[in-house]
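This is what each chain is made of:
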Amino acid sequence: MTRVDFYITEDSREQARQRLACRLAEKAYTRNHAIYIHTDDRQQAEQLDQLLWTFRDGSFIPHCLQDDTVAPQAAIVIGHADEPEQHNEVLINLGEAVPAFFSRFERVAEVIAGDEQARQAGRERFRFYRDRGYELNTHNLDSK
C-alpha cells in the first residue's frame, strides 16, 4: 500500500516549496528511486525544471519534463497533465489536488507551504488519504 508523507514548511513562497521538492527529489535520487514530480501546470513544471539545476551549489540531478523523448528512461520526470507512462516509486506532489494515479506509487510526498490557502488544501488531501486508510506521516520542517 502507498505510504504518504506530508512535508510542511512555514515559508509561504512558492519557490521555497519548490526548493523543498528539489531536496526531496535529490534524496530519493541518491537512493536510486524513480521519481515523478506532479505540478499543476506547464509554467510550474518549467520553473521546477530550471530550479533542479540550480537549487544547490554543486548539485546535479538529471531530470526531464514529461513530454521529453527521454522521459521513459529518466530517473526524475516532471509532469502536469498526463499520467506518467513509466512506473515510478516516488510521487512528489506539488499540485493542489491528489493526482488520480497516486496509488501507482510506493510513496507519495505531499509538499505543503505556509500560507493558509496551501494549508487548507493540504488538510483536504490529508483527509482524503486518511479516509481511505493510507499510512500517513507528517514532517514539520521548520518546527523545533
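Fair warning: this is a prediction, and the values are worked out from it, not measured in the lab. Per chain, residue numbering runs from 1 following the sequence as it is written. Given that this is a predicted model, residues contribute local features only at a pLDDT of at least 70 and side-chain atom pairs are listed and counted only at 80 or more, while totals for whole chains, interfaces and linings are drawn from all residues. Calculation of side-chain values draws on the structure's entire complement of heavy atoms; hydrogens and water are dropped beforehand.

Q: Would you take a moment to explain the pattern of salt bridges for this structure?
A: We count a salt bridge whenever a side-chain nitrogen from Lys or Arg sits within 4 Å of a carboxyl oxygen from Asp or Glu. Scanning all chains against the criterion turns up twelve salt bridges. Note that Glu 83 is salt-bridged to Arg 104, the shortest N-O span being 2.7 Å. Of this pair, Glu 83 sits in the loop between β4 (76–79) and β5 (90–93) while Arg 104 sits in the loop between β5 and β6 (107–112); the two residues are 21 residues apart in sequence, bridging distant segments of the chain. You can call Arg 104 partly exposed: its relative accessible area is 29%. With a closest N to O distance of 2.6 Å, Glu 110 and Arg 125 form a salt bridge. In this pair, Glu 110 sits in strand β6 while Arg 125 sits in helix α3 (residues 116–131), placing the two residues 15 residues apart along the sequence. Like Glu 110, the residue Arg 125 is buried in the burial classification. Each of Arg 3, Asp 5 and Arg 107 takes part in a single network of salt bridges with overlapping partners. A run of H or I in DSSP counts as a helix once it spans at least four residues, and a run of E counts as a strand once it spans at least two, with each numbered from the N terminus. When accessible area is computed with a 1.4 Å probe and restricted to protein chains, residues below 20% of their type maximum are described as buried, those above 50% as exposed, and intermediate ones as partly exposed.

Q: Which parts of the structure should I look at to understand the nonpolar core?
A: Soluble globular proteins tend to bury their nonpolar side chains together. Judged by nonpolar contacts, the single largest core of 23 residues is most densely connected at Ile 37, Leu 52 and Ile 92. Elements supplying a minimum of two residues to this core: α1 (14–30), β2 (35–38), α2 (42–54), β4, β5 and β6. With six residues, the single largest contributor to this core is α1. Here, residues are in contact when the closest pair of their heavy atoms is within 4.5 Å. Discounting residues that sit within four places of it in the chain, Leu 52 has contacts with Cys 22, Ala 25, Ile 37, Ser 59, Ile 61, His 63, Ile 76 and Ile 78. Working definition of a nonpolar core: buried Ala, Val, Leu, Ile, Met, Phe, Trp, Tyr and Cys residues. They are joined through side-chain atoms within 4.5 Å.

Q: Explain the packing of aromatic side chains here, please?
A: What counts as a ring pair is set by centres within 6.5 Å for rings of Phe, Tyr and Trp (its six-membered ring), and what kind of pair is set by the plane angle: stacked under 30 degrees, edge-to-face over 60, tilted for all other angles. As enumerated under the stated definition, the model contains ten aromatic pairs in all. Look at Phe 101 and Phe 105: their rings are 6.2 Å apart centre to centre, the planes differ by 50°, and that puts the pair in the tilted class. For Phe 101, a relative accessible area of 10% puts it in the buried group.

Q: Just checking my understanding: could you explain the sheet that holds strand β1 (residues 3–8) for this structure?
A: Sheet strands pair via backbone hydrogen bonds, and the direction of the pair is either parallel or antiparallel. What the seven strands build is an open sheet, ordered β3-β4-β2-β5-β6-β1-β7; its pairing is parallel. Two strands in the sheet have a free side with no partner beyond their single neighbour: β3 (64–65) and β7 (135–140). Strand direction decides the pairing type here: β2 and β5, joined by four bridges, are parallel. Bridged to Tyr 36 within β5 is Leu 91. Sheet strands touched by α3: β1, β5, β6 and β7. Its angle to β6, the strand with the most contacts, is close to 155°. The pairing criterion for strands is at least two bridges between them, as found by DSSP. For helices, the axis comes from a line fit to the C-alpha atoms of the stretch in contact; other axes are also lines fit to C-alpha atoms, and the angle between any two N-to-C directions lies between 0 and 180 degrees.

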